[in-house]
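# Descriptive structure summary
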Amino acid sequence: QVQLVESGGGLVQPGGSLRLSCVASGRSDFSIYVMGWYRQAPGKQRELVADITNGGHTNYVDSVKGRFTISRDNAKNTVYLQMDNLKPEDTAVYYCNLRTIITANNYWGQGTQVTVSS
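The present account deals with the structure reproduced in this document. For clarity, every value in this text was computed on a predicted model and none was experimentally measured. (Residues numbered from 1 in each chain as written. Predicted model: local features only at pLDDT ≥ 70, side-chain atom pairs only at ≥ 80, totals over all residues. Heavy atoms only, no water.)

## Regarding the pairing of strand 1 (residues 3-7)
What counts is decided by this rule: The cut-offs for exposure are 20% and 50% of the maximum accessible area for each residue type, with area from a 1.4 Å probe on protein chains only; residues under the lower value are buried, those over the upper are exposed, and the others partly exposed. The helix count covers DSSP runs of H or I at least four residues long, the strand count covers runs of E at least two residues long, and both are numbered beginning at the N terminus. A pair of strands is treated as paired once DSSP finds two or more bridges between them.
Of the two faces of strand 1, the one holding L4 and E6 is buried and the one holding Q3, V5 and S7 is not buried anywhere. Here five bridges tie strand 1 to strand 3 (residues 18-25), and the two strands are oriented antiparallel to one another. Bridging across to strand 3, S7 finds its partner in S21.

## Looking at the nonpolar core
Spelled out, the test is: Think of a nonpolar core as a cluster: buried Ala, Val, Leu, Ile, Met, Phe, Trp, Tyr and Cys residues, connected wherever their side-chain atoms sit within 4.5 Å. In this analysis, two residues are considered to be in contact whenever any of their non-hydrogen atoms come within 4.5 Å of each other.
Among the nonpolar cores identified, the biggest contains 28 residues, and L4, M35, W37, L81, M83 and Y94 are the most heavily contacted of them. Contributions of two or more residues to this core are made by strand 3, strand 4 (33-40), strand 5 (47-52), strand 7 (68-73), strand 8 (78-83), strand 9 (92-100) and strand 11 (112-116). Once residues lying within four places of it in the same chain are set aside, the contact partners of L81 are L18, R19, L20, W37, V49, A50, F68, T69, I70 and Y94.

Structure, rendered in structure tokens:
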């Protein structure tokens with residue numbers, strides 16, 4: 001029912017910036033759901049980076065606070081992750097996530113690679 005398409009990953013030097021986008025299809029604009037970003041580095045578990053509710057309430061993992069900003073456009077069913085002052089430890093595959101509140105379903109994007117290296 002739901003498909004998530006991600007874009008914006010790539011190679012960047014330490015201190016640089018990237019902007020990730022995720023477009024969701026197959027849902028009504030008025031549905032209640034949370035969208036967010038997770039990441040997984042080689043040899044590590046997948047972790048929540050940031051998420052955002054319909055009302056705009058945001059949540060961030062401590063390691064990215066002050067550097068990353070999550071936002072959403074409900075009319076376009078799109079969530080963004082602005083990543084500034086990137087560090088090598090941010091290197092990972094980033095996955096878009098959508099979680100419905102009423103039906104408690106979880107959907108995932110295919111992942112986009114972010115590499116921070118000099």
